Each structure stands twice: as C-alpha cells, then as structure tokens.
Amino acid sequence: MSDLIFYNGRIITMEEKLGEVEAVAVEGGRIKALGPAADILNLQEDHTTLVDLRSRALLPGFNDSHMHLVGYALTSEKVDLRRCRGVDEIVDAIRAYVSNNKVGKGQWVLGWGWDQALFRDKRIPNRQDLDRAAPDHPVAIMRTCCHVMVANSAALKAAGIDRKAVSVEGGKIEVDDRGIPTGLLEEKAMSILTNLQPPLDKAKLKKLIKSAAGDFLAAGLTSVQTDDLSSVGGECTSMLIDTYYELEAAGELPLRVNLQALLPEPSLLGNFLARGYRTGQGGQYFKIGPLKLLTDGSIGGKTALVSAPYEGSSETCGVSVLARGEVEELVNMAAGQGMQCAVHAIGDAAVKMVLEIYQDAARRYPHSDPRFRVIHASMAGPKILDRFENQGVIADIQPSFISSDYILVDRHLGPKRAVWTYRWKDFMDRGIRLAGGSDCPVETYEPLEGIHAAVTRQDRYGNPPGGWNPDQCLSLQEALYIYTMGSAYCTYEENEKGSIAEGKLADLVVLSEDITTVEPSAIADLKADLTVVNGRIVYSRGEQKN
Ligand SMILES: [Zn+2]
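Predicted, not measured: the structure shown is a model, and the values here were computed from it. (Residues numbered from 1 in each chain as written. Predicted model: local features only at pLDDT ≥ 70, side-chain atom pairs only at ≥ 80, totals over all residues.)

Participant: Please explain the overall build of the protein as it appears in this structure.
Facilitator: Looking only at helices and strands, the protein features 17 helices and 23 strands. Against the 2.2 N^0.38 benchmark of 24 Å for 546 residues, the protein shows a C-alpha radius of gyration of 23 Å, consistent with a compact globule. Once the C-alpha set of the protein is aligned to its principal axes, its extents read approximately 80 × 55 × 50 Å. Relative to its full complement of 546 residues, the protein shows a buried share of 55%. For the protein, the proportion of contacts with a sequence separation of at least 24, taken over those separated by at least 6, is 73%. (Helix = DSSP H or I, 4+ residues; strand = E, 2+ residues; numbered from the N terminus. Rg over C-alpha atoms; globule rule 2.2 N^0.38 Å. Buried ≥ 20, exposed ≤ 12 C-beta atoms within 10 Å, placed from the backbone. Contact = placed C-beta atoms within 7 Å.)

Participant: Hey, could you run me through unusual backbone geometry in this one?
Facilitator: Most peptide bonds adopt trans geometry, and most residues besides glycine take a negative phi value. Omega for the bond connecting Cys440 with Pro441 falls within 30 degrees of zero, at 10°, which places this linkage in the cis form. Relative to the helices and strands, Pro441 is located in the loop between strand E20 (434-436) and helix H16 (447-456). At the junction of Asn463 and Pro464, the peptide bond is cis and its omega measures out at -10° in the coordinates. With respect to the helices and strands, the residue Pro464 is situated in the loop between H16 and helix H17 (476-490). In this structure, Asp439 is a non-glycine residue whose phi angle is positive, near 60°. Assignment of secondary structure puts Asp439 in the loop between E20 and H16. Overall, the presence of 27 C-beta atoms within 10 Å leaves Asp439 in the buried class. Not every positive phi belongs to a glycine, and Tyr492 is a case in point at roughly 60°. Secondary-structure assignment places Tyr492 in the loop between H17 and strand E21 (508-511).

Participant: Explain the nonpolar core here, please?
Facilitator: Across soluble globular proteins, nonpolar side chains have a tendency to be buried as a group. In terms of nonpolar packing, the biggest core is built from 189 residues, with Val24, Ile94, Ile141 and Val354 touching the most fellow members. Split by domain, this core shows at least three residues from each of two domains, domain 1 (4-61 + 503-540) and domain 2 (76-194). The contacts of Val354, once residues within four sequence positions are left out, are Thr295, Val327, Val343, Ala345 and Val374. (Core = buried A, V, L, I, M, F, W, Y, C linked by C-beta atoms within 7 Å. Domains from an automatic or database assignment.)

Participant: Where do I start with the domain arrangement of the protein in this structure?
Facilitator: Buried accessible area, meaning the area lost when the parts come together, often serves as the stated size of an interface. Along its sequence, the protein is carved into domain 1 (4-61 + 503-540) and domain 2 (76-194). The distance between the C-alpha centroids of domain 1 and domain 2 comes to 46 Å.

Participant: Looking at this model, I keep getting lost on the sheet that holds strand E10 (residues 139-143). Mind explaining?
Facilitator: Note on sheets: strands pair through backbone hydrogen bonds, and any given pair is parallel or antiparallel. Across the sheet, which stays open at both edges, the six strands sit in the order E8-E9-E10-E11-E13-E12 with mixed pairing between neighbours. The outermost strands of the open sheet, each flanked by one partner alone, are strand E8 (79-80) and strand E12 (171-175). Here E12 runs beside strand E13 (residues 181-187); their pairing, made up of four bridges, is antiparallel. If you follow Gly171 over to E13, its bridge partner there is Glu187. Seen against the sheet, helix H3 (residues 87-100) touches E8, strand E9 (109-114) and E10 and runs at an angle of roughly 145° to E9. (Pairing = 2+ DSSP bridges. Axes fitted to C-alpha atoms, helices over the stretch in contact; angles between N-to-C directions.)

Participant: Looking at this structure, I do not really get the sheet that holds strand E5 (residues 49-52). What am I missing?
Facilitator: Overall, mixed pairing links the four strands, which are arranged E4-E3-E1-E5 in an open sheet. Edge positions in the sheet fall to strand E4 (30-35) and E5, since each has one partner strand and no second. For this sheet the average axis-to-axis angle between neighbouring strands, irrespective of direction, equals 20°. Pairing geometry for strand E1 (residues 4-7) and strand E3 (residues 23-27), over four bridges, is antiparallel. Bridging from a neighbouring strand, Ile5 pairs with Ala25 of E3.

Participant: How do you make sense of the pairing of strand E6 (residues 57-60) when you look at a structure like this?
Facilitator: Along a regular strand, successive side chains alternate from one face of the sheet to the other. Here two bridges tie strand E2 (residues 10-11) to E6, and the two strands are oriented parallel to one another. Across the sheet, Ile11 pairs through a bridge with Leu58, a residue of E6. Where E6 meets E21, three bridges bridge the pair, whose relative direction is antiparallel. Across the sheet, the residue bridging to Leu59 is Val509, located in E21.

Participant: Would you mind showing me how to read the environment of Ala37 here?
Facilitator: With respect to the secondary-structure elements, Ala37 resides in helix H1 (residues 37-41). For Ala37, a count of 15 C-beta atoms within 10 Å puts it in the partly exposed group. Separated by 79 residues in sequence, Ala37 and Gln116 have C-alpha atoms that sit 53 Å apart. Here Ala37 is in contact with Tyr7, Glu22 and Ala23, once residues within four sequence places are set aside.

Participant: Explanation requested: the environment of Glu265 in the structure shown.
Facilitator: Of note, Glu265 is situated in the loop between strand E15 (256-262) and helix H10 (266-274). Overall, the presence of 13 C-beta atoms within 10 Å leaves Glu265 in the partly exposed class. Each C-alpha atom, one on Glu265 and one on Val327, is 9.2 Å from the other, the two residues being 62 residues apart in sequence.

Participant: Can you walk me through the packing of H16 against H17 in this structure?
Facilitator: For any two helices packed against each other, one specifies the crossing angle of their axes together with the interaxial distance. Where H16 contacts H17, the two axes come as close as 9 Å, and the packing angle between them is 140°. By the angle between their directions, the pair H16 and H17 is classed as oblique. Crossing of H16 against H17: the hand is right-handed. Along its contact with H16, which presents Pro447, Gly450, Ile451, Ala454 and Val455, the element H17 presents Leu476, Ala479, Leu480 and Tyr483. (Parallel < 35°, antiparallel > 145°, perpendicular 65-115°, else oblique. Left-handed = near helix turned anticlockwise from the far one by under 90°.)

Participant: What exactly am I supposed to notice about the pairing of strand E23 (residues 536-540) here?
Facilitator: Examined bridge by bridge, strand E22 (residues 528-533) and E23 share four bridges and lie antiparallel to one another. Looking at the pairing, Val533 lines up with Arg536 of E23. The turn linking E22 back onto E23 is made up of two residues, and Asn534 within it adopts a positive phi angle of 55°.

Participant: Where do I start with H3 in this structure?
Facilitator: Owing to its 3.6 residues per turn, the α-helix brings residues three or four apart onto one side. Taking 1.5 Å per residue, 14 residues should reach 20 Å; H3 reaches 20 Å between its end C-alpha atoms and fits that length. Along H3, the positions that sit buried rather than exposed are Val87, Ile90, Ala93, Ile94, Tyr97 and Val98. For H3, the arc enclosing every buried residue in end-on projection is 130°, short of the 170-degree limit, so these residues lie on one face. Turned more than 90 degrees from where H3 packs its buried face, Ala96, Ser99 and Asn100 sit exposed. The secondary structure elements touched by the buried residues of H3 are E8, E9, helix H4 (127-133) and E10. (Expected span 1.5 Å × (residues − 1). Arc of directions from axis to C-beta.)

Participant: What's the story with the environment of Ile11 in this structure? I'm lost.
Facilitator: In this structure, Ile11 sits in strand E2. According to the C-beta neighbour criterion, Ile11 is buried, with 20 such atoms within 10 Å. Each C-alpha atom, one on Ile11 and one on Pro60, is 9.3 Å from the other, the two residues being 49 residues apart in sequence. Ignoring sequence-local partners within four residues, the contact set of Ile11 consists of Phe6, Val21, Val24, Leu58 and Ile500.

Encoded structure:
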C-alpha cells in the first residue's frame with residue numbers, strides 16, 4: 001500500500017548506513033519503505049501516484065534553521081533597495097515608489113535591503129539624501145542586515161529624535177559634529193521608529209504567513225524555524241501563536257514552522273512561561289521553539305560586538321544589544337524551565353559571552369540534552385571553537401552571508417581577523433553540530449543558494465574567483481546535511497525528519513537535476529520541481545497545486 005512512489009532517480013537519503021536506494025514509497029504522511037525499484041513498485045495500488053524522477057535528485061525537504069517569515073512577507077510592502085548600487089539609486093527608487101504608489105503626503109515610506117558594500121564609494125546614505133528623495137514623507141530604510149537603518153528628517157521628527165534625545169540603551173543614534181542626528185540608527189534605536197508602525201492583526205498575519213509559505217515551498221523548504229516576534233512585537237506573542245494554531249487547525253499551514261520566541265525582557269519571558277509555553281509544544285505543523293535573543297548586530301553594519309575596534313576606528317567595537325547581565329538573566333530563566341535557548345551572536349566578543357553564559361546555565365540547571373544554540377557564530381577563533389566543541393553547543397550558520405559579506409568582512413575586520421570569520425569547515429571537522437539557515441529576509445530564503453555558498457564560498461556570480469578562504473568550503477554532502485539533519489537536530493526532531501528513512505515524516509523535495517553531478521557553480525541554478533509535506537504534493541513547478 002502506498003500513496004506516492006518515487007523511482008528512477010538519484011535518491012539522497014542523508015542516512016549513511018542505507019547506501020544506494022532505488023525507490024521510495026510514502027503512505028499516510030510517512031516514509032513507508034525504501035529499497036530496490038522492483039520491490040517498491042510492487043507496492044503500487046490504484047490510488048498511488050507514481051513519480052518518475054527521470055534521473056533527478058530526491059532529497060529530504062530543506063529545513064531553514066533561522067529566518068524571519070513574517071519579516072520576509074512584510075518586505076513585499078516596502079521599497080526594495082537590494083539592487084541599488086549607490087545612494088543616488090536609493091533616492092531614485094524611493095521617488096519612483098512614492099509616485100508609482102501615489103503615497104500621500106505624511107504617509108510612511110519604508111525600504112529595505114540596501115548594502116553599501118555594493119556601492120562604488122561605499123558611502124552610507126544619510127538624512128539629507130532621504131529628504132531629497134521624499135521631503136514630505138517620513139522615510140526609513142533598513143540595511144540588508146536589518147541591524148541598522150537610515151531615517152529622514154520627517155521620520156526622525158515623528159519619532160521625537162532630535163539633538164536632545166540621542167542616547168538609547170542597546171542601540172545608537174549617530175550624530176554629526178554639531179550633535180545633530182545624521183539619520184543613522186543602530187540596533188534598539190531602530191525600534192523607536194518601528195514602534196510607530198501600526199500593529200499587525202490576526203487576519204493580516206494569516207495572509208502574510210500563507211503567502212510566504214507558498215514562496216518557501218517553491219524553493220524546496222518543508223520546515224522553517226522563524227523569529228517572527230522581531231516583526232510582530234513581544235507583547236503580541238500569544239496572538240501570533242494563536243494565529244499559527246488556527247492556521248494549522250484549518251489545514252492552511254502548508255509547511256512546518258518552529259517559532260523562535262524573541263523575548264528580550266524578563267517581563268515578556270515571564271509572561272510567556274506563566275502562560276505555560278515551552279519548547280517543543282505544538283502540533284504536527286506548528287511548534288514552539290527556543291527562546292531567541294540578540295546580543296549584537298552585524299559585521300556589515302559595524303554593530304557586531306568585537307573584542308578589538310573595527311579597522312580604521314580607534315574605539316568602535318560594535319553595539320551590545322543586551323548587556324551581559326540581561327542575557328544571563330533571560331537564559332537562566334529559560335533554562336530553569338527547560339526551555340531551549342538560541343542566541344544571536346556574530347562578533348567574537350558576543351559569541352564568547354554567550355558561550356560562557358551557556359556554560360554557567362548548564363551547570364546551574366542540569367538538563368540531559370539542552371541543545372544550546374548560537375545563531376550566526378560568525379567570528380570564531382580557536383578558543384571559541386574549543387568552547388563549542390567542549391560544551392556541545394550548536395552553531396546555526398547562514399552560508400549565504402559569505403556572498404554579500406565577504407567584501408565588508410575584510411574591510412571592517414582587517415585581514416587577520418577576517419580569516420577567523422565563517423570558518424565552517426573547522427566547525428565541521430571538530431564535530432561541532434551545524435544547522436543551515438538563511439536569516440531571510442537578510443539573505444534569500446533559497447536553500448540551494450546557501451548550499452552553493454557553503455560549497456563554493458562564492459556568490460552566485462562566481463565572486464570572488466576561487467572562493468573566499470576556500471580552505472573552508474564544505475563538501476556537498478556536508479552542506480546538504482546541515483540544511484536537513486543539522487536543522488532537524490536543532491528542534492529535537494532528528495528522529496522525525498531530516499533524512500529519508502522508514503517511519504520518518506514524508507517531507508521531500510525533487511530537484512530539477514541530480515545535484516551530485518552538476519558543477520558546484522550550477523547548484524544555485526537548480527530548482528525545486530516538486531515539494532512534498534506530510535506525504536502530500538504541495539508544490540509542483542509549472543502547475544501550482546495546493
Ligand atoms: Zn535573524
């Protein structure tokens with residue numbers, strides 16, 4: 001008996017012991033059998049859908065270990081600045097957006113995705129540039145990393161940011177030598193502005209979640225682990241969780257979602273715990289994941305917390321989004337209740353701090369299997385790697401960061417430190433657990449782009465030639481592993497998904513070609529032809545099924 005049978009292609013099970021498999025049968029949402037094609041095809045019945053792979057690859061569905069699903073969905077309502085190659089192009093894009101969308105005077109204009117690394121002069125836009133673009137609208141544009149933004153005069157005025165109000169804990173409002181804000185806002189200073197945006201309600205959220213899920217399925221993702229509270233706000237935690245539960249109950253959540261709960265204040269986390277929410281709760285599709293925290297920013301935005309100043313500046317060491325004591329308190333609160341923790345840390349000072357806090361929490365609240373996670377873990381020298389290894393902490397990495405970051409990593413950190421950035425092969429060789437993610441919308445959600453970046457250490461156009469620090473390239477098998485089993489391990493679901501094995505969930509993807517035989521440079525050009533969640537075909541390229 002079986003609902004679906006896959007045969008005649010490259011079946012990549014991600015199970016070492018299984019060896020070569022010719023065909024796979026699926027029934028009732030799970031993998032029923034694998035083996036020689038003759039045996040498996042024997043399970044065919046009248047209702048069975050036969051999928052002839054025609055030499056294409058079948059893999060476990062991809063699982064993104066860290067992204068922002070709602071944040072991504074919201075980008076469709078913002079000015080897309082990803083393709084801008086200079087400040088003038090940003091100005092033009094904003095002007096065009098205002099006029100094309102007939103945005104009324106006084107209404108907000110939000111943009112995202114600019115990256116000065118792509119500008120010839122590397123100049124960051126300022127308040128005056130945006131005033132030029134839209135003097136009558138409050139404008140705020142987020143850098144690609146989502147850790148810094150630039151606002152125009154009208155936006156600063158609306159937020160009450162002037163020369164008298166320029167200090168903010170966990171963030172920075174940049175001022176010029178006369179003490180006047182330049183428009184650049186870092187980390188928590190951005191929330192003064194984002195808090196002015198109207199809150200999301202359930203109906204809107206449902207629409208956003210469904211539309212993002214459709215895009216993700218088309219890229220072969222069957223599970224995503226997402227920090228949505230960064231877009232929705234910690235006060236709306238229950239509303240967000242209820243929204244997901246309602247979607248799941250209505251059969252309208254087509255892929256599996258694990259929520260990384262960003263609760264950066266003791267009162268928010270306290271309320272969450274008091275309501276009884278814990279890691280692992282939920283249904284087949286929606287589950288509550290770890291406590292998520294941010295400790296620092298990004299290397300590109302010079303807000304990652306580094307132990308020695310950034311190149312070319314005598315004192316800037318980045319931004320501490322949460323003080324050490326705050327992170328300690330929150331991690332201990334969570335660990336004390338058996339909650340998993342996943343903390344964003346990019347700069348070496350932040351990564352080291354988080355690992356120390358984890359060590360302490362693990363001692364204080366012994367848990368047989370805590371699976372502490374550091375999201376990003378970008379800068380990691382030998383001592384930090386020792387800690388990861390000895391403490392058994394997971395590194396949630398984003399291979400696509402290489403493609404957009406490599407220019408600024410060298411420039412902002414200098415060559416000596418840059419070498420200790422994104423050393424994923426070292427992590428892998430030491431047996432440190434890695435999980436693959438995109439941090440979408442910071443990078444594209446497409447896992448094949450991430451796998452390409454992990455294997456080649458290049459962007460999809462082949463830059464830099466030969467790859468950036470190519471001794472750190474992962475093998476294809478390793479790169480596939482982190483996006484499947486690696487991410488499944490993060491949510492304690494390695495026995496449920498992440499590989500094609502008897503009894504596991506039938507979450508699968510058929511790629512347009514055999515990924516093991518194409519040139520590494522062509523990996524990012526492969527497509528998902530068919531995506532299966534829970535034994536159901538939820539995406540088919542060329543014919544949208546639902
Ligand atoms: Zn993130």
